[in-house]
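Tertiary structure, described
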Amino acid sequence: MTNQNGLTPQTFEFLADLARSNDRSWFEANRDRYEQDVMAPAIAFVQSAAPIMEALTPPHAAVPKMNGTIRRLHRDTRFGADKTPFKSHLHFIFWTGAKPGTSPAIHLVAHADSVGFGAGMWAMQPAQLAAFRAALADGAKRQQFDGAVQACHAIGCQFAEPELKRLPRGLEIIPSHEPHQRRKAVVMRTIEERDPIDNFLGSRGIDRLAELAPSLALLNGFLHDL
């Protein structure tokens, strides 16, 4: 019987099997498993998470459907180097703005052997980057940003290296925050260590998300208000 609270051991077993047999014929032969062991628990998880997300500041959307909070396993192979047809992880996005992919969001990514999480905003537009860099130059806003960063660090999230090697021309250096001035995306996530899957089985996953979400939402709140 499907766990009505969230992810199950079978969810992670399917992801492990998919990683080993990542082709369309295998997926079609196992589509019933996918619907029962991945999609049904994922929908239950998002439904249970919705009150937690709604209570955050700012509220985060939790839409229990494919291409809502639950992202597609199917990979677009046209542009990337990875030509396998499916992602072997289950990706949830709880977002704050108009669209999941272009808004500050909480990300939760279930792999076969672990669960990663993070917050922030990918692929920021020039106006958004300009607003972020202007905020770093403002003492009060910089303090808000630092508090959000510290909260995310405390739960195991970190920044990747900045995308730019040098500052954009004309930007005044803020020595304490120069690496952040060189970012094109503001994202903190688990990189070196993820959660064990036991933390996200059944109702434990909802409890764990409730623990993590307030800290992650601080970074999204800062970005949302730019």
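The structure reproduced in this document is the subject of the present report. (Residues numbered from 1 in each chain as written. Predicted model: local features only at pLDDT ≥ 70, side-chain atom pairs only at ≥ 80, totals over all residues. Heavy atoms only, no water.)

Moving on: the nonpolar core. Core analysis: the biggest nonpolar cluster contains 57 residues, and Phe-45, Met-53, Leu-90, Phe-92, Phe-94, Phe-145 and Leu-216 have the highest contact counts within it. In this structure, Phe-45 is in contact with Asn-5, Gly-6, Leu-7, Phe-92, Phe-94, Leu-108, Gly-205, Ile-206 and Leu-209, ignoring residues within four places of it in sequence. (Core = buried A, V, L, I, M, F, W, Y, C linked by side-chain atoms within 4.5 Å. Buried < 20%, exposed > 50% of the residue type's maximum accessible area, 1.4 Å probe, protein only. Contact = heavy atoms within 4.5 Å.)

This part is about the state of the cysteines. One pass over the structure, following the stated rule, counts zero disulfides. Cysteine Cys-152 remains unbridged, with the sulfur of Cys-157 as its closest cysteine sulfur at 5.5 Å. A residue is classified by how much of its surface remains accessible, and Cys-152, at 0% relative accessible area, is buried. Among the residues examined, Cys-157 registers a relative accessible area of 1% and is labelled buried. (Disulfide = S-S within 2.5 Å.)

This paragraph deals with the sheet that holds strand E3 (residues 115-121). Reading across from one edge, E1-E2-E3-E4 is the order of the four strands in this open sheet, with antiparallel pairing throughout. The open sheet has two free edges, formed respectively by strand E1 (90-95) and strand E4 (186-189), since each of these has just one partner strand. In this sheet, adjacent strand axes meet at a mean angle of 20 degrees when their direction is disregarded. Its contacts with the sheet place helix H3 (residues 31-54) against E1 and strand E2 (105-110), and it is angled at close to 25 degrees to E1. (Pairing = 2+ DSSP bridges. Helix = DSSP H or I, 4+ residues; strand = E, 2+ residues; numbered from the N terminus. Axes fitted to C-alpha atoms, helices over the stretch in contact; angles between N-to-C directions.)

As a further point, take the layout of surface pockets. Approximately 420 Å³ is the volume found for the largest pocket. For the lining of the largest pocket, the element with the highest residue contribution is E3, accounting for four residues. Looking at the lining of the largest pocket residue by residue, the classes come out as eight nonpolar, 10 polar and five charged. (1 Å grid on protein atoms, 1.4 Å probe; cavity = no way out; pocket = protein on both sides within 12 Å on 5 of 7 lines; lining within 4 Å. Points joined across faces, edges and corners; volume = space filled by probe spheres on them. Nonpolar A, V, L, I, M, F, W, Y, C, P; charged D, E, K, R; others polar.)

Glancing now at the environment of Asp-138. Here Asp-138 is to be found in the loop between helix H4 (126-136) and helix H5 (139-154). A sequence separation of 82 residues divides Asp-138 from Leu-56, and the C-alpha atoms of the two residues are 25 Å apart. A distance of 3.1 Å separates a polar atom in the side chain of Asp-138 from the backbone nitrogen of Ala-140. (Polar contact = N/O pair within 3.5 Å; in protein donor to acceptor, adjacent residues only side chain to side chain.)

On to the pattern of salt bridges. The tally for this structure, following the rule as stated, stands at six salt bridges. Between Asp-195 and Arg-208 there is a salt bridge, with the nearest N and O atoms lying 2.6 Å from each other. Linking Asp-195 in the loop between E4 and helix H7 (203-224) with Arg-208 in helix H7, this pair joins segments that are 13 residues apart in sequence. We note that Asp-195, like Arg-208, is buried. Taken together, the shared-partner salt bridges in this structure form one network comprising Asp-17, Arg-20 and Arg-33. (Salt bridge = Lys/Arg side-chain N within 4 Å of Asp/Glu carboxyl O.)

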